[in-house]
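Structural overview for review
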Amino acid sequence: MKVAFAGTPEFAAVALEAILAAGFEVPLVLTQPDRPAGRGMQLQPSPVKQVALAAGIPVHQPEKLRTPEQQAPLAAAGADVLVVAAYGIILPQAVLDIPRYGCLNIHASLLPRWRGAAPIHRAIQAGDAETGITIMQMDAGLDTGPMLLKGTSRIYADDTTGVLHDRLAQQGGELIVEALRALPDGLSATPQPAEGCTYAAKISKDEARIDWQLPAIEIERRIRAFNPFPGAVASYQDTLVKCWRARAIDASGKPGEVLIAEGAGIVVACGTGAVCITELQKPGAKRMAAGDFVRGTAVPVGSFFS
């Protein structure tokens, strides 16, 4: 089979590498246009583009896929199927109809839970015990197509979005190869149930500000969910501080009040319980352990994070 591929970030690049390693012919890769990044804000190719160029695969980078001209390279590629993973561009019905086997999507949740842009963040934030990968046949809706394969993955108590992302990316690569190998002989498609549908809205930086009135367990989940992006933020002595790692503990005080500040962690009271912050970051500095933070910044007991 000829397998065209559409994707942009690292999650998708892992899947493309798995497809290539399995021996499938990839005549074309679609990815978003190069974007400015880094300190110099120079144009940077996406992780998917980097994999494609290294493999000598033609790359098409339209802003949208609405017009026949934008769709022409895919139509000319003669692909039997298009695999889509975190592409970031909506595929109109005309594109879904081009490959004879249609378009398969690698989605990082157990659909219909967490349809949408940020399923990994939202699963951790909600305190889900497990998540996984769903391989689905794409339709015109947002992650609404029938399901072909599913694989589950436990969410551990210390999982961050970064850690869970990497685990799911590997699982996604394995499952899409399994699906592609079975596709010519027919894969049974299961419609998504109407019950249990939730939407994983895109993460905004405004969400990252810590509300110390919330219960400690919710704050701890948010810190893990927003690691590595956008990073949970609090203010201490009029300085914005990113909190990268913390755990909920049984302690009490006024919301935002520092109860303990030592090498093992900075304990801050919440609406219910407290969190022990073990890794922080000041603006312009590297991440540091709580012990290094308190050696460089006075954090007296009774002071407040806001």
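Heads up: the structure comes first, above all this text.
Bear in mind the structure is a predicted one, so any value in this text is a computation, not a measurement.

**So, the layout of surface pockets**
Quantified by volume, the largest pocket comes out at close to 1500 Å³. In terms of lining residues, the largest pocket is bounded by 43 residues, among which Ala86, Tyr87, Gly88, Gly116 and Ala117 are the most central. Elements with a contribution of two residues or more to the lining of the largest pocket: helix H1 (10–21), strand S7 (103–107), helix H5 (119–126) and helix H6 (161–182). Grouping the constituent residues of the lining of the largest pocket by class yields 25 nonpolar, 13 polar and 5 charged. There is about 370 Å³ of room inside the second largest pocket. Lys205, Pro230, Gly231, Val233 and Lys242 are, among the 18 residues lining the second largest pocket, the residues nearest its centre. By residue number, the principal contributor to the lining of the second largest pocket is strand S13 (residues 239–249), which donates 4 residues. Of the residues assigned to the lining of the second largest pocket, the class counts are 9 nonpolar, 3 polar and 6 charged.

**Considerations on empty space enclosed by the protein**
All chains considered together, the criterion is met by 1 cavity of 30 Å³ or more. Its boundaries defined by the atoms lining it, the largest cavity holds a volume of some 50 Å³.

**Focus on the packing of aromatic side chains**
Summed over all chains, the structure comprises 2 aromatic pairs. Between Trp212 and Phe305, the aromatic rings sit 6.0 Å apart at their centres with planes inclined by 55°, giving tilted as the arrangement. Separated by 93 residues along the polypeptide, Trp212 in the loop between strand S11 (199–200) and helix H7 (216–225) and Phe305 in the segment after helix H8 (290–296) bring together distant segments of the chain. Given the relative accessible area of 2%, Phe305 is considered buried. Among the aromatic residues, those joined into a cluster by ring pairs are Trp212, Tyr236 and Phe305. Positioned over the ring face of Phe293 is Lys282, at 5.3 Å from the centre of the ring. One Lys or Arg, Arg287, reaches over the ring of Trp244 and ends 3.6 Å from the middle of that ring.

**Some words on the packing of H5 against H6**
For the pair H5 and H6, interaxial distance at closest approach is 10 Å and the crossing angle is 125°. The pairing of H5 with H6 is recorded here as oblique in orientation. Taken as a pair, H5 and H6 cross one another with a handedness that is right-handed. Contact with H5, carried on its side by Ile120, His121 and Ile124, involves Thr161, Leu164, His165 and Leu168 of H6 and no other residues of that element.

**Quick notes on the pairing of strand S12 (residues 232–236)**
By the criterion of burial, S12 is predominantly enclosed, with 5 of the 5 residues buried. Bridge count for S12 against S13 is 5 bridges, and the pairing is antiparallel. Residue Ala232 lies in a different strand from S13, and its bridge partner there is Cys243.

**Focus: the state of the cysteines**
Within this structure, the stated rule accounts for 0 disulfides. You can see Cys276 has no disulfide; the closest cysteine sulfur is in Cys270, sitting 11 Å from it.

**Digging into the environment of Leu168**
One can find Leu168 in helix H6. Leu168 sits in the buried class, given a relative accessible area of 0%. Leave out the neighbours within four places in its chain, and Leu168 touches Phe11, Ala108, Ile120, Thr131, Gly132, Ile133 and Ser153.

**Overview of the sheet that holds strand S2 (residues 29–30)**
With mixed pairing, 7 strands are arranged side by side in an open sheet as S5-S2-S1-S6-S7-S9-S10. Strands with a single pairing partner mark the edges of an open sheet, and in this sheet they are strand S5 (59–60) and strand S10 (147–154). Strand direction decides the pairing type here: strand S1 (residues 3–7) and strand S6 (residues 81–85), joined by 5 bridges, are parallel. Looking at the pairing, Ala4 lines up with Leu82 of S6.

**Details of the environment of Ser188**
For Ser188, the position within the fold is in the loop between H6 and S11. For Ser188 and Gly296, which are 108 residues apart along the polypeptide, the C-alpha to C-alpha distance reads 60 Å. Aside from chain neighbours lying at most four places away, what touches Ser188 is Met147 and Leu148.

**With respect to unusual backbone geometry**
With omega at 10°, the peptide bond leading from Leu111 into Pro112 counts as cis. Within the secondary structure, Pro112 sits in the loop between S7 and strand S8 (115–116). Note the cis peptide between Asn227 and Pro228, where omega equals 20°. Note that Pro228 resides in the loop between H7 and S12. Phi is positive for Met41, which is not a glycine, with a value near 50°. Here Met41 is to be found in the loop between strand S3 (35–37) and strand S4 (42–44). Of note, the phi angle at Ala86 is positive, near 50°, even though the residue is not glycine. Its place among the elements puts Ala86 in the loop between S6 and helix H4 (93–96).

Reading the values: the criteria
- Residues numbered from 1 in each chain as written.
- Predicted model: local features only at pLDDT ≥ 70, side-chain atom pairs only at ≥ 80, totals over all residues.
- Heavy atoms only, no water.
- 1 Å grid on protein atoms, 1.4 Å probe; cavity = no way out; pocket = protein on both sides within 12 Å on 5 of 7 lines; lining within 4 Å.
- Points joined across faces, edges and corners; volume = space filled by probe spheres on them.
- Helix = DSSP H or I, 4+ residues; strand = E, 2+ residues; numbered from the N terminus.
- Nonpolar A, V, L, I, M, F, W, Y, C, P; charged D, E, K, R; others polar.
- Phe/Tyr/Trp six-rings, centres within 6.5 Å; stacked < 30°, edge-to-face > 60°.
- Buried < 20%, exposed > 50% of the residue type's maximum accessible area, 1.4 Å probe, protein only.
- Lys NZ or Arg CZ within 6 Å of the ring centre and 35° of its normal.
- Axes fitted to C-alpha atoms, helices over the stretch in contact; angles between N-to-C directions.
- Parallel < 35°, antiparallel > 145°, perpendicular 65-115°, else oblique.
- Left-handed = near helix turned anticlockwise from the far one by under 90°.
- Contact = heavy atoms within 4.5 Å.
- Pairing = 2+ DSSP bridges.
- Disulfide = S-S within 2.5 Å.

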